[in-house]
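Remarks on the overall topology
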Amino acid sequence: GPPMAVITERRRDESPARSTISFDSKLTDGGATAADLDDDNESVATVICTGAVTGYEENLLNVCDFLITANQSALLHRNRRGETPLLLAIYRRSPSDVLSLLLVRGGTASLKISDDSGSHPIHFCNRSPSISIVRDMADLYPGAIMHKNKLGDT
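Residues numbered from 1 in each chain as written. Predicted model: local features only at pLDDT ≥ 70, side-chain atom pairs only at ≥ 80, totals over all residues. Heavy atoms only, no water.

The next point concerns the overall build of the protein. Each helix and strand counted, the protein has 5 helices and 2 strands in total. Seen in sequence order, the protein has helices and strands lined up from the N terminus as β-β-α-α-α-α-α. Relative to its full complement of 154 residues, the protein shows a buried share of 45%. Expressed as a percentage of contacts within the protein between residues at least 6 apart in sequence, the contacts between residues at least 24 apart total 60%. A total accessible area of about 7900 Å² is found for the protein, and carbon and sulfur atoms account for 50% of it. (Helix = DSSP H or I, 4+ residues; strand = E, 2+ residues; numbered from the N terminus. Buried < 20%, exposed > 50% of the residue type's maximum accessible area, 1.4 Å probe, protein only. Contact = heavy atoms within 4.5 Å. Areas by Shrake-Rupley, 256 points an atom, 1.4 Å probe, with all protein chains shown as cover.)

Before going further, it helps to examine the pattern of salt bridges. Summed over the entire model, instances satisfying the criterion amount to 3 salt bridges. Between D65 and R105 there is a salt bridge, with its nearest N and O atoms 2.5 Å apart. One end of the pair, D65, is in helix α2 (residues 60–70); the other, R105, is in helix α4 (residues 96–112), with 40 residues separating them in the sequence. When its relative accessible area of 31% is taken as the criterion, D65 is described as partly exposed. A salt bridge links R81 to E83, with the shortest nitrogen-to-oxygen separation between them at 3.0 Å. Note on E83: relative accessible area 14%, which makes it buried. (Salt bridge = Lys/Arg side-chain N within 4 Å of Asp/Glu carboxyl O.)

Along the chain, S128 turns up in the loop between α4 and α5 (131–140). Among the residues examined, S128 registers a relative accessible area of 15% and is labelled buried. In this structure the side chain of S128 is engaged in a polar contact, spanning 3.0 Å, whose partner is the backbone oxygen of S130. With residues up to four places along the chain from it excluded, the contact list for S128 reads I90, L99, I133 and V134. (Polar contact = N/O pair within 3.5 Å; in protein donor to acceptor, adjacent residues only side chain to side chain.)

When the terminal C-alpha atoms of α4 are compared, their 20 Å separation across 17 residues is substantially less than the 24 Å that a helix rising 1.5 Å per residue should span. The largest bend in α4 amounts to roughly 100° and is located at G106. Looking only at α4, the buried set comprises V98, L99, L101, L102, L103, G106, G107, S110 and L111. Of the surrounding elements, those touching the buried residues of α4 are α1 (44–49), α2, α3 (85–91) and α5. (Expected span 1.5 Å × (residues − 1). Bend = angle between axes of the 7 residues up to and from the residue.)

What follows deals with α5. Those residues of α5 lying buried are I133, V134, M137 and A138. All buried residues of α5 project into a common sector of 135° when viewed along the axis, lining one side. With respect to the buried face of α5, the exposed residues turned more than 90 degrees away are I131 and D139. Of the surrounding secondary structure, the elements contacted by the buried residues of α5 are α3 and α4. (Arc of directions from axis to C-beta.)

Now the structure itself:
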């Protein structure tokens, strides 16, 4: 069958808590589903698709697509800082194919959600790997271009 996300270990370091995640053909006892959240209130899909853990680069797009399909609501879910998967993926400089997947699957709704500082995904456009991603964001939600966050940045 298709791979299933299983949280196998939790760790803390200087950065926010992240889960070490492995993939298996079935959910094991004590495993997590694609909808489970880590200590930062981030779903398995968010942690993988935004590059918070490594080791999935070779098959990242397929894994992200699988996790989003298993938990569509993860696209609009906000972590404890109000960040969505799309915003985090841009900020963490995820590959353009993953950003495109998050943008297409999350649509305009994912662009309209701001984090706790009032920033929308387009506020981090300087971190995008592709100008076409920025153009797509601006086309889908042009109002975000002039939106000021709490620091007054557009």
